[in-house]
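Below, each chain spelled out in residue letters.
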Amino acid sequence: MADTDKAKIIFQPSGRRGEVEKGVTIIEASRQLGVDIESLCGEKKVCGKCTIRIEEGFFEKYSIQSSKKHGGEWLVEEEKFINKEQREAGYRLGCCARVEGDLLVFVPEESRAGKQVVSKAARDINIEWNPAVEYYYVEVSEPTIQEPTGDLERILEALNQKYGLKNLDIDYLTLQDLSNQLRKGKWRVTVAIWMDKEILQVLPGKTKDYYGIAVDVGTTTVAAYLCNIATMEVVDTVSMMNPQCKYGEDVMSRITYHMMHQDGLAKMSADIVMGLNSLVKQACEATHPPKKVKKNGSDKEETITPEQDIHYLCLDPTDIIDMTIVGNTAMHHILLKLNPEYVGMAPFPPAVHKSMDIKARDLDIQINKSVYVHILPNEAGFVGADNVGVLIAEEPYKKDEMQLIIDIGTNGELVLGNKKKLISSSCATGPALEGAQLTFGMRAAPGAIERIKIDPDSHEVDYKVIGRDTWKTYSKSEEMQTKGICGSGILDLFAELYRSGVILKSGRFNPNQKNSRFRKNSDNNQPEFVIAWANETTIGKDIVITQKDVRQIQLAKGALYCGCKLMMRRLGIDKVEKVKVAGAFGTHVDREKALIMGLFPDCEIEKIISIGNAAGDGARAALLNREKREEANWVSRNVEYIELTVEKDFQQQFVEAMQIPHMKDQFDHLKGIVPDEILNQ
Amino acid sequence: MEKEELKQELLKQLSDNVISFEEDKVVEAAKKVVEEGFNAYDAIMNGLAAGMVIVGELYDKHEYFVPELLMCADALYAGLDILKPHIKPEDLGESAKGQVVIGTVQGDVHDIGKNIIKMMFEVAGFTVHDLGRDVPLEKFVEEQMRTDSDIVALSAMMTTTMMGMKKVVEMIKERNPNVAIMLGGAPVTKDVTELFGADGYAKSAGNAVQEAIKMIGRLREMQTK
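Residues numbered from 1 in each chain as written. Chains lettered and ligands numbered in written order. Predicted model: local features only at pLDDT ≥ 70, side-chain atom pairs only at ≥ 80, totals over all residues.

**What about the overall build of chain B?**
The helix and strand inventory of chain B stands at 9 helices and 5 strands. Start at the N end of chain B and walk to the C end: the helices and strands fall as α-α-α-α-β-α-β-α-β-α-β-α-β-α. Expressed as a percentage of its 225 residues, the buried residues of chain B come to 52%. Within chain B, contacts between residues separated by at least 24 positions form 75% of all contacts whose residues are at least 6 apart in sequence. (Helix = DSSP H or I, 4+ residues; strand = E, 2+ residues; numbered from the N terminus. Buried ≥ 20, exposed ≤ 12 C-beta atoms within 10 Å, placed from the backbone. Contact = placed C-beta atoms within 7 Å.)

This is the structure:
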């Protein structure tokens, strides 16, 4: 019997289907059925990224009658993103349309949360070996009638004798397995001990190599480094989209989801735990010989025998014996199911500053059950464990030189100082610098424009997309398969628009344009500039940057610049000796472009260094060196956090910093890079 | 007739120089208005404010941005400082005599948008009681009661702090249902306004400006009738 409170819904092209409660939004239904639809604004009906199409008619294959009428009331918010024609064709916003009857929903390519290409490769940083978990090999005598002491006590005695380890505890689950392992190893075992305090694992025989994983939980991307703790080498780097992205792109929308939904926190926490588990699994699977591969494009899957000279580690998640996690304060709280509500409101106090050691089993993280997960400490509400990770990786507090460290993400974090004093701050950059919120912004997936050049004389555009090495100039239009613009492309684009004179210092489009690429949009009468013509794209329309997009980027870069400047003023300095740029796209930040667009105050180009995912490096350092954990706790309480927005002239500074590269500040180091007539506007 | 031409010329100068944010020229024109004995209120509304209406339109089209907007505001304020002391009480019709309580709600320290709105109200002749930012929710209620203001304008830049607006609306409506409550800020939507039981809404800082400018526009219309 059909349940009248439910409706059937099918998503195409994924083919996912199921029944959902009538009245839920299409986005909510997609979430329930595991279909990823973009929702950058967190269903506030403002981003238009979740555009979907409701198919009309009876579909035998699924035996459902789908109709636009089943999509609920049309809302005014939708008019901004969907024109009359599209509306006729069944287009709706997923966050506005409601399931009121059976539906067949098509998710267009642009609305699909695509697979992201992330470059969070491990960087070679100097870490001293002193891990929290160490392996000790002991041999104990077999019990006899004369000497029938218990198994554990024998091991404890041997550890004391050989290594001077005293007062050791043992994890209860490890104890359950102890007697078997001891006999299996014929009274010779390797014991994993955490912080010289607790036995976590007993393995038969002698084992040298052991493994841990360091994780950076970003708002958008989660990256994990699987490391051989004994040798300190990185076995593999794996990454994924944060599964919480479906609740909204930024930290605030996640916190709001918690405030609006009773089970929101539990849901989001479960999502990230599930994500972590799948990352661990993914990393471990990569250490096994490939089972099945497709050979030279044939459809048949064939099993190949591993080559003789390759040694496969064949790790299992239970082989992971230590884990460290960094993340911003909100990600930290949501993972640990700590109420994140107060982190989202001034004065933004976190629930806890200090680092935590929590048993993996208590967090439902599927690695070795007995081990601890080490969560690094938080600095402040908007400067979390991820920034602490950056700090312990870069150690500015040990250096004489004055360093400015910028971690660009959905939230920008800034650190300035040297061994005498260190201050930190955060600024709401929003996701614009990562490509989100812009008309044609997208994640760093294949088809995303990542490099752009604009000719200053003709204003002609050349560009390169991810997944294709050949630039547009040397390609046929249809070969480009362009879909949008990603974060690193945005930086390039913005700097080039300014350098070539397409936009003025104020960010306004130059009234003297040289090319038909500049036009007024016929729908909203807004000026825009075409980057890729429709025939170069897979989405069938021109990819443009609008005046509004330029404004979004100006807000983000203005916030960063203003933050840097106010912090420099706080320390009474007018220049820094080094600028380090970190972040998800920090790995491919073009330092020249960053300076041209005015992400930070003027400095010599040679002094700008890209440090990649420094937060993840910090997690790795804490995995391999227990002193780094101490150091993290110390530094998290010794960096002075500064709330910039309450500075008296914040508004004025912010406003000045919105111009390119700045309203008033001189940029001597751009001479020769940017034409004088542009620079001296 | 010559006098009338000069007056129109000065009004145009006030308006144009607000748009091109040329503070000195605004000051010059404003002084001339006073010297020639033209109606100061007329110069504010049909000169300065008229220019700001166009600024608002440019902003709405994203052609002007926050820096330009604020520079225009500076120019406008410079003119206002000169003209305001010369306003005759009888020029202020009923329409312009409102009082507004304005502030950014508790937990939120962003106030650029709020400051822009505040300016708009001031230009329109409202008496503005600015509570600043991170304002405890009860303070809005107290200030409204104390001043008997007609309008309470609440701003929030973060979704998390936006939730506090609902409480303020409830508290005020409970005591005085005739107060008009206006919400603004990045996360605020029309839905939220309705859900929270507020009376008016400005979609973003930009639209808030637009809204406020429309208000000025309406005031000017009423005045010319």
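Don't stop here, the text continues.
**Things to note about the overall build of chain A**
Within chain A one finds 15 helices and 31 strands. For 681 residues, the compact-globule formula gives about 26 Å, and the C-alpha radius of gyration of chain A, at 28 Å, lands near that figure. Counting only C-alpha atoms, chain A reaches 100 × 75 × 55 Å along its principal axes. Expressed as a percentage of its 681 residues, the buried residues of chain A come to 50%. For chain A, the share of sequence-separated contacts (at least 6 apart) that also reach a separation of at least 24 residues comes to 69%. (Rg over C-alpha atoms; globule rule 2.2 N^0.38 Å.)

**Description of the sheet that holds strand S21 (residues 412–417) of chain A**
Residue and element names in this part refer to chain A. In space, the 6 strands of this open sheet follow the order S30-S29-S20-S21-S22-S31, with mixed pairing throughout. On the outer flanks of this sheet lie strand S30 (608–612) and strand S31 (640–641), each paired with one strand and no other. One ladder, built from 2 bridges, connects strand S22 (residues 422–427) with S31; its direction is parallel. The partner of Ser424 across the bridge, within S31, is Tyr641. Against the sheet, helix H8 (residues 385–394) engages strand S20 (403–408), S21, S22, strand S29 (578–583) and S30, with an angle of about 140° to S20. (Pairing = 2+ DSSP bridges. Axes fitted to C-alpha atoms, helices over the stretch in contact; angles between N-to-C directions.)

**Describing the domain arrangement of chain B**
All names here are of chain B. According to the domain assignment, chain B contains domain 1 (2–91) and domain 2 (94–212). A C-alpha centroid distance of 26 Å is found between domain 1 and domain 2. With 11 residues of domain 1 in contact, the opposing surface of domain 2 contributes 7 residues. Elements with a minimum of two residues in the side of domain 1 that touches domain 2: helix H3 (40–60) and helix H4 (66–83). Considering each element in turn, the side of domain 1 that touches domain 2 owes the most residues, 6 residues, to H3. Grouping the amino acids of the side of domain 1 that touches domain 2 by side-chain chemistry returns 9 nonpolar, 1 polar and 1 charged. (Domains from an automatic or database assignment. Nonpolar A, V, L, I, M, F, W, Y, C, P; charged D, E, K, R; others polar.)

**Remarks on the interface of chain B and chain A**
It is common to give the size of an interface as the accessible area lost on bringing the parts into contact. Taken together, the contact pairs 22 residues of chain B with 28 residues of chain A. When contributions to the side of chain B that touches chain A are tallied by element, the ones reaching two or more residues are H4, helix H5 (112–123) and helix H7 (159–175) of chain B. Here the residues of the side of chain B that touches chain A sort into 9 nonpolar, 8 polar and 5 charged.

**Regarding the pairing of strand S4 (residues 180–184) of chain B**
Residue and element names in this part refer to chain B. Among the 5 residues that make up S4, 4 are buried, leaving the element largely enclosed by the rest of the structure. Judged from the 5 bridges that link them, strand S3 (residues 151–155) and S4 form a sheet pairing that is parallel. Counterpart to Leu154 in the pairing with S4 is Leu183. After leaving S3, the chain enters H7 and then returns to the sheet as S4, a path that is right-handed. (Right-handed = clockwise from strand over helix to strand, strands pointing away.)

**Some points on the domain arrangement of chain A**
Domains assigned within chain A are domain 1 (6–111), domain 2 (133–204), domain 3 (231–295 + 309–375), domain 4 (395–431 + 553–679) and domain 5 (448–544). Each of domain 1 of chain A and domain 3 of chain A was reduced to a C-alpha centroid, and the two centroids are 30 Å apart.

**Focus on the sheet that holds strand S1 (residues 6–12) of chain A**
Sheets are built from strands paired through backbone hydrogen bonds, the pairs being either parallel or antiparallel. All names here are of chain A. The sheet built from 5 strands is open, its strands ordered S2-S1-S7-S3-S6 with mixed pairing. The open sheet has two edge strands, strand S2 (17–21) and strand S6 (91–93), and neither has a second partner. On average, each strand axis in the sheet is inclined to that of its neighbour by 40°, with strand direction left out of account. Looking at chain direction, S1 and strand S7 (residues 103–106) are connected through 4 bridges and run parallel. What sits directly across from Gln12, in S7, is Phe106.

**Description of H5(B)**
Between its first and last C-alpha, H5(B) extends 17 Å over 12 residues, near the 16 Å set by a 1.5 Å rise per residue. Most of H5(B) is tucked away: 9 of the 12 residues are buried. (Expected span 1.5 Å × (residues − 1).)

**Notes on the nonpolar core**
One finds Ala224(A), Ile485(A) and Ile531(A) to be the most contacted residues of the largest nonpolar core, which totals 223 residues. Residue contributions to this core peak at 11 residues, all from H3(B). Among the nonpolar cores identified, the runner-up in size contains 23 residues, and Ala7(A), Val20(A), Ile27(A) and Leu103(A) belong to it. (Core = buried A, V, L, I, M, F, W, Y, C linked by C-beta atoms within 7 Å.)

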